[in-house]
Every structure is written in C-alpha cells, then in structure tokens.
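Structural overview for review
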Amino acid sequence: MSLPLEGVKVVDLTTFLATPTTGRVLGEWGADVIKVEAAKGDATRTNQAPVYGIPDYTDEENLSFDVANMHKRFISLNLKSETGAEVMHKLLSEADIFITNTRTKSLAKMGFDWETLHAKYPRLIMGHGLGYGKKGPEKDAAGFDVTCYMGRGGVFGTTVDADSFPMIPTNGYGDFQCSMFLCSGLLAAYIAREKTGVGDYVTCALEHGAIYALSVGMISAQYGNKYPKSRLEVNNPLNNVFKSGDDKWVVLCLPEYDRDWPRVLKLIGREDLLEDADLASIDAVNNKGLSPKVVKVLDEGFAKFTRDELLAMFKENDMPCEPAQTPEDVYKDQNAIINEYIKPVHYPKGDRWCPTAPVQFELNETAELKPTGMLGSSTEDVMRDLGYTDEQIATAEADGSVCGARSLDELLGR
C-alpha cells in the first residue's frame, strides 16, 4: 500500500523548527521532500544540540536536527549565484509544494516571494511559516516560538499559575504545533489545486497558532473568566492538579462537579463534608468564593496517598486521573509505545526515542524514523535528475554555486 502523499513533490527552504517539521511530516506521509540549504547549513544542524542538552552530536547522531528533518533529501545551493538560482527554479517548476520560513523581504530580493512564483508557476502551492503574519508593520520581524507563540500569543500570560512564574516550556512547544497547522492548510490547498489547477499561498503565523490553541481562554475571558488563574481559584476545583503523598503531581478532570464531589470525598475519606450544601454545589462554590477551601480539602486528601495509589483508586471508579508525566515517564508509557506515539531512531551508539507525527492512517503503518543525511548529501543526485551533466555539476561545485556533501565537523570547523 502506497503512502498517502506518494508522488507529491515538495521543495523545502527552511531553518530551525516549525516549518522544517512541516516538511518532515509531509515526508513521513510519503512526499518526496528536497531540503535546500546554504553552504553553512541550517543552523539547527550546528547549534541546537546544546539547547536540547545533547553533549555530543555527529553526522551519525544529531537527533536535535533529525526531529525536524527526517524523510528528506538534502541539497546545498547558493541562491545568490546564477546556477544556484537556476537549480532552484528547476526544482520549483516540477514541485507541487514549496515551503519556507524565510522572511518575505528576503524572498522578494531573491525572486522567491509568492507573487513572483505564482506568476511563473501558477500550479505551485506555497506554504509560509511566519512569526507575526503576512500583514502589518511586524510582518518581517524576526519570529521565534518563545516570543511569538509563547509570549505574544498569550500562552505564558494565560497558563501561568497566578501565584507563581510562567511555565518553562521545552523549546519548540509552539513550533511543533504550528507545523501541523501548516500541514493541514497545505493539504487543503493541494485538494483545491487538483480541482482548479491553481496553487494557493498558505500561511501559518506562530502568534496565530497560539491564539487559536487558547480558544477557550480567548472566549471565556470576555465573560469575566479572567486569566491567569491560581490553582486555588479555578472555576471547577475537580479539574486541577494535586500533589500526592510521595511528592508527585497528578491531574484530575471531573467536569461534572455536583455529581462527582460526593464520590471524591468518599475516596479521600472526608465523608464528614457530605452534608455541606455549599461545597456540594459548583454554583455556590463560585458565587461564594469557596474554591480555595475546596482545593485545600482536596490537597489534604490527596496527600494521604502515593501517586500510584491515587491513580489506581480513581481508575477503579472510572474517574479520569493521570500522572503529570515527564519525558522519562513517557518513554516507559506502554500506551505511547503500543500506539507508536514515540518510535526508536536507530543510531550506532544505541536507540533514541522520537515522537512521530500525531496523525495516523489505517491503511499505512507509521513510517520508520531514520537518521538524516549530511548537508548536500543529495545535491549531485538531484542535479542529475534535473538533467545536469557530471561536468556541469563539478563546475557548479568548483565555483561555489552548489555544495556537495559536507560533514558536521567541517561545518563546525573541528
């Protein structure tokens, strides 16, 4: 059975995380993705491993780059040179989709902006990962996950516990979400292109992605449900996090407070509160400001049990309660492993876990995750596919128009 996007050609001019991961997902689903890099390579090849806490990274194992760039072929072009630009245009003339997160101003200087490309290749679909959007004075401002998504998009300010500091997310928290948003838009445009014959310009801004992800907060804040919140003053104390007796966090989600309050009291041994009518009604809890009192009761009750005891107790009573897992927990989570939410990448020194694309297909198995290639590792093969002779390729390499395979050691000067 062929993969869903087999036969789809994608040209990828991307760096860092969000838009490169869009290319990775399209490749994971069967598209032929050709990533174009400058001679110095995507900065993620050389400077992201320390951010991930990876002490040693080589051409054989560079998971901080692989996570956003698997399932691609890699070529290196000097797009400011005549030959490099020519190769790029040949690729685009045959492509279905072009993805980039290069700023619009820079694209226009090189002739790879939407207006120029649409005039030349009307069937080409262009996907553009942006920071702030395609309009307004900030459309060409530098945009990153932590500033555009987490900061400007409202995540830091909304998800902070009002009594503490903003959350400390892992790098790329918003990038990886927006990669899927852009994927969905590109595939909708692909379906439309097959009907009309005309490609579209699809954008996803990090700020927009965050605002969308915060939809409940965006709506409810208009009705007086203000953010940020303290866990002591949530609208439903049974939708909250609690610390167990062995100092581990669990997450409880019981939306029907009035129904479940008596059940929870019995589990934590506080039947003495069953007759308290105010605590039994979510309306009374909110109208009389009793949430801190309820949370205190729950905190004291949960602290009597270990995390495992709490999880077993609530599970036996069909009441959703889960551990607040860390990555180390997820590596052992049998549900995540059985469903292939994470899969191993096989490196010479041992396997490493890596998340898979969060959409699965019944007719196809989840793709194997394989280490990526070196910068320019497919330059010569791709140029041959485009009709260049070995002599022309050698000349282009000699004058710096294109670059063949370059090791990470060479890029890092080590």
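Time to look at the overall build of the protein. A count of helices and strands for the protein gives 21 helices and 12 strands. Over its C-alpha atoms, taken along the principal directions, the protein stretches across nearly 90 × 50 × 45 Å. Taken over 414 residues, the protein has a buried fraction of 45%. For the protein, the share of sequence-separated contacts (at least 6 apart) that also reach a separation of at least 24 residues comes to 69%. Accessible surface for the protein amounts to roughly 21200 Å². Of this, 53% is attributable to carbon and sulfur atoms. Side-chain charges in the protein split into 43 positive and 62 negative, and the spacing between the mean points of these groups amounts to 4 Å.

A water-sized probe rolled over the atoms picks out the places where empty space is left. Applying the stated criterion across every chain, the model contains one cavity of 30 Å³ or more. If you add up the space inside the largest cavity, you get close to 110 Å³. As for the largest cavity, its lining consists of 16 residues, and the residues nearest its centre are Arg45, Thr58, Asp59, Asn62 and Gly373. When residues of the lining of the largest cavity are traced back to their parent elements, those giving at least two are helix H4 (63-69) and helix H21 (408-412). Considered class by class, the residues forming the lining of the largest cavity number six nonpolar, four polar and six charged.

With that settled, the discussion passes to the environment of Asn47. Relative to the helices and strands, Asn47 resides in helix H2 (residues 43-47). Exposure remark for Asn47: the relative accessible area of 34% places this residue in the partly exposed category. Separated by 91 residues in the primary sequence, Asn47 and Glu138 place their C-alpha atoms 26 Å from one another. Here the side chain of Asn47 touches Gln48 through a polar contact of 3.4 Å, side chain to side chain.

Further remarks concern a positive patch on the surface. A cluster of basic residues, Lys40, Lys80, Arg103, Lys105 and Lys109, forms a positive patch at the surface. Looking at the secondary structure, you find Lys109 in helix H6 (residues 104-110).

By the element assignment, Asp175 lies in helix H10 (residues 173-196). Apart from the residues lying within four places of it in its own chain, the contact partners of Asp175 are Leu17, Ala18, Asp145 and Leu206.

Here the focus is the pattern of salt bridges. On inspection of all chains with the given rule, the structure shows 27 salt bridges. Glu340 is the partner of Lys343 in a salt bridge, and the nearest nitrogen-oxygen pair spans 3.5 Å. Residue class for Lys343 comes out buried when judged on its relative accessible area of 6%. Ionic contacts of the salt-bridge type, sharing partners, join the residues Asp96, Arg123, Arg193 and Glu194 into one network.

Let us now look at helix H15 (residues 291-302). With 12 residues, H15 extends 16 Å between its outermost C-alpha atoms, agreeing within 8% with the 16 Å of an ideal straight helix rising 1.5 Å per residue. Turning to H15, its buried residues number three or more, namely Ser291, Val294, Val295, Val297, Leu298, Gly301 and Phe302. When H15 is viewed along its axis, its buried side chains cluster within an angular range of 155 degrees and face the same direction. Check the buried side of H15 and you find it contacts strand E7 (239-243), strand E8 (249-253), helix H13 (257-267), helix H14 (282-287) and helix H16 (307-316).

Attention shifts here to the packing of aromatic side chains. For the structure on display, the rule yields eight aromatic pairs. Geometrically, the ring pair formed by Tyr257 and Trp261 is stacked, given 5.6 Å between the ring centres and 10 degrees between the ring planes. Of this pair, Tyr257 and Trp261 both sit in helix H13, four residues apart, which is roughly one turn of that helix. With respect to class, Tyr257 is no different from Trp261; both count as buried.

Of the consecutive residues Tyr227 and Pro228, the connecting peptide bond is found in the cis state with omega at 0 degrees. Even without a glycine there, the phi angle at His71 is positive, about 65 degrees. As for its placement among the helices and strands, His71 is situated in the loop between H4 and strand E3 (72-77). Judged by relative accessible area, which is 22%, His71 ranks as partly exposed.

This part covers the sheet that holds strand E2 (residues 32-37). The strand order E6-E5-E4-E1-E2-E3-E12 describes an open sheet built from seven strands, whose pairing is mixed. Here the strands that pair on one side only, and so sit at the sheet edges, are strand E6 (201-205) and strand E12 (402-403). Both strand E4 (residues 97-100) and strand E5 (residues 125-130) contribute to a ladder of four bridges, which runs parallel. Paired with Phe98 across the strands is Met126, a residue of E5. The sheet strands contacting helix H11 (residues 206-213) are E5 and E6, and the helix crosses E6 at an angle near 65 degrees.

Cut-offs and rules
- Residues numbered from 1 in each chain as written.
- Predicted model: local features only at pLDDT ≥ 70, side-chain atom pairs only at ≥ 80, totals over all residues.
- Heavy atoms only, no water.
- Helix = DSSP H or I, 4+ residues; strand = E, 2+ residues; numbered from the N terminus.
- Buried < 20%, exposed > 50% of the residue type's maximum accessible area, 1.4 Å probe, protein only.
- Contact = heavy atoms within 4.5 Å.
- Areas by Shrake-Rupley, 256 points an atom, 1.4 Å probe, with all protein chains shown as cover.
- Lys, Arg positive; Asp, Glu negative; His and termini not counted.
- Charge placed at Lys NZ, Arg CZ, Asp CG, Glu CD.
- 1 Å grid on protein atoms, 1.4 Å probe; cavity = no way out; pocket = protein on both sides within 12 Å on 5 of 7 lines; lining within 4 Å.
- Points joined across faces, edges and corners; volume = space filled by probe spheres on them.
- Nonpolar A, V, L, I, M, F, W, Y, C, P; charged D, E, K, R; others polar.
- Polar contact = N/O pair within 3.5 Å; in protein donor to acceptor, adjacent residues only side chain to side chain.
- Patch = residues over 30% accessible without salt bridge, like charges linked within 9 Å, V, L, I, M, F, W, Y side chains within 5 Å.
- Salt bridge = Lys/Arg side-chain N within 4 Å of Asp/Glu carboxyl O.
- Expected span 1.5 Å × (residues − 1).
- Arc of directions from axis to C-beta.
- Phe/Tyr/Trp six-rings, centres within 6.5 Å; stacked < 30°, edge-to-face > 60°.
- Pairing = 2+ DSSP bridges.
- Axes fitted to C-alpha atoms, helices over the stretch in contact; angles between N-to-C directions.

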